[in-house]
Every structure is written in C-alpha cells, then in structure tokens.
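Spelled out, the chains give:
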Amino acid sequence: MSPVLCVDTTAFLHDDQRIDELFEHLTGVRVQDARPHTLSFLGRELRIGVSHGSVLVTSFRELCKSNHGSSDFRALAKTYSHVLIKDFPQLSMNEKTPLRRFIIMMDLFYDRSVKLVLSCHVPITQLINLEVSSIQAADDLRLLMDDLKLTLEEAKAMNLFTGEDELFSQKRALSRLSEMQCNDYWDLPHRPGSLESSSGSSM
C-alpha cells in the first residue's frame, strides 16, 4: 500500500490529527476505539500505544524516551506492519539516548519493511539536527550500553563509538527514512523476522 494522506508526497505528516486519519484509513477503526495490546515475549510484557490488527499508533515519548531496548523494538517489528508515531520532535545530540534509541528502532523497522509514519513539524532533512556536536564522553556511551542492554560488540556494530561514526549513523538514518517514504518501500511485504538478534543473542 502506497503512502496516503501525505504531505509533500511523503508519509511524514504534520499534525497528530492526520495520524488519526491514517490509522482509520488503514484499519477502518477510529483511534479512540482502538485498544492497548500487551506483547508477551522472552518472559517479558510490553504495552505501548493502541493498535488494531497490525497497525500501531503511539507517541515519541512512549517509544524513545522510555526505557526500551532493542528486543522491545524487535518485538514491535515482528508484530506490526505499520507504526504511526505522534508528537515527534527534532532530534539532536542534546538528548543523546532518545536519538540513539530511535536510530536502533528505525534500523530494525527498516530491515523488516515496517511502514513508519511520523507526525513531525520539521522536514525530513531536518529531523536529526546534524549541526549539534556528536562527540561523546566514554561515560555517556557506557550508560547508553547499559540502558539498551547492548554488548560491546553490538554497540560497535551500531556505529555508536566515535563522533565520526555517530555522525555517519545519523546521516544513514536520514537516508533510510527518506527511502522508507517511497512507494517502492511501501509496496514491500512486511517481514516480521524473529525475536533474536542477528548475532543470535537477545538484548
């Protein structure tokens, strides 16, 4: 299904009401009539936003400012073909962990052809403020690894170590976001995948 109710031919919408309209278009159900759904996986339970079928609507705060790890995002990617996110701010290294958490989430969604739609008031090219310095202290990185339950090897694979690598990961995220708005991407079938990481370990 190609993007609908779009702004400037992309799936980036500029207000939360449009997210509600898209949710109803995709599901035939109004957001206010949708219900929370609890995901049970790996001995854990995850409850985020409201959903109907394979479509989830949630907020940036619920997804990226809460203490979610990559296994949570992998469970969402396995369960939902469409994730609609409200109240999405411009991201920068001023708030490092939400930005890094979003990049990890988006990479998992991209690999599984999850259709990601954001309600955001900045153009896609400005979604991540690349002008903010990406140089980080070692203590900040260690806190992030602990927060996301990443091993040293997994963190290296995600390009979170040097300022240069981190800037590259941010630019790659913007490029992937652009690709995820194209009709060709929206026409791809959802690939739920497994709950295991590519290395065979959960995070």
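Just above sits the structure.
Small disclaimer: the values here were computed from a predicted structure and weren't measured.

**Description of the environment of Ser175**
Among the secondary structure elements, Ser175 is positioned in helix α7 (residues 163-180). Since its relative accessible area comes to 47%, Ser175 is described here as partly exposed.

**As for the nonpolar core**
The nonpolar side chains of soluble globular proteins are, as a tendency, buried together. Membership of the largest hydrophobic core comes to 56 residues, with the highest contact counts inside it found for Leu76, Phe102 and Leu116. Leaving out residues up to four positions away in the same chain, Phe102 has contacts with Cys64, Phe88, Leu91, Leu116, Leu118 and Leu177.

**What about the pattern of salt bridges?**
Counted under the stated rule, the structure contains 7 salt bridges. Across the salt bridge formed by Arg30 and Asp33, the nearest N and O atoms sit 2.9 Å from each other. For Asp107, the salt bridge is made with Arg172, and the minimal N-O distance between the two is 2.8 Å. With Asp107 in helix α4 (residues 96-111) and Arg172 in helix α7, this residue pair connects regions lying 65 residues apart in the sequence. For Asp107, a relative accessible area of 14% puts it in the buried group. Arg172 sits in the partly exposed class, given a relative accessible area of 23%. Sharing partners across several salt bridges, the network here consists of Asp107, Arg172 and Arg176.

**Overview of the side chain of His82**
With respect to the helices and strands, His82 occurs in strand β5 (residues 82-88). What makes His82 buried here is its relative accessible area of 12%. Among the polar contacts made by the side chain of His82, one reaches the side chain of Ser81 at a distance of 2.8 Å.

**Side note on α4**
Taking 1.5 Å of rise per residue, the 16 residues of α4 would be expected to cover 22 Å, and the 23 Å separating its terminal C-alpha atoms lies within 8% of that figure. Burial analysis of α4 places 13 of its 16 residues in the buried class, the great majority of the element. Backbone geometry just downstream of α4 places Ser113 in the positive-phi region, at approximately 60°.

**A few points about the sheet that holds strand β6 (residues 115-120)**
Across the sheet, 4 strands lie side by side as β3-β4-β5-β6; this open sheet has mixed pairing. Bordering the open sheet on either side are β3 (50-52) and β6, each of which pairs with just one other strand. Here the strands of the sheet are splayed against their neighbours by 15° on average, with no regard to which way each runs. As paired strands, β5 and β6 are joined by 5 bridges and run parallel to one another. What sits directly across from His82, in β6, is Lys115. Sheet strands touched by helix α1 (residues 16-27): β3, β4 (55-59), β5 and β6. Its angle to β5, the strand with the most contacts, is close to 165°. Together, β5 and β6 form the strand contacts of α4, whose direction differs from that of β6 by roughly 145°.

**Quick word on the pairing of strand β2 (residues 44-47)**
Strand direction decides the pairing type here: strand β1 (residues 38-41) and β2, joined by 4 bridges, are antiparallel. Note that in β2 the partner of Thr38 across the bridge is Arg47. Remark: 2 residues form the turn of the hairpin made by β1 and β2, two consecutive strands paired antiparallel; Leu42 in that turn has positive phi of roughly 50°.

Cut-offs used in this document
Residues numbered from 1 in each chain as written. Predicted model: local features only at pLDDT ≥ 70, side-chain atom pairs only at ≥ 80, totals over all residues. Heavy atoms only, no water. Helix = DSSP H or I, 4+ residues; strand = E, 2+ residues; numbered from the N terminus. Buried < 20%, exposed > 50% of the residue type's maximum accessible area, 1.4 Å probe, protein only. Core = buried A, V, L, I, M, F, W, Y, C linked by side-chain atoms within 4.5 Å. Contact = heavy atoms within 4.5 Å. Salt bridge = Lys/Arg side-chain N within 4 Å of Asp/Glu carboxyl O. Polar contact = N/O pair within 3.5 Å; in protein donor to acceptor, adjacent residues only side chain to side chain. Expected span 1.5 Å × (residues − 1). Pairing = 2+ DSSP bridges. Axes fitted to C-alpha atoms, helices over the stretch in contact; angles between N-to-C directions.

Geometric values such as these leave the question of function open.
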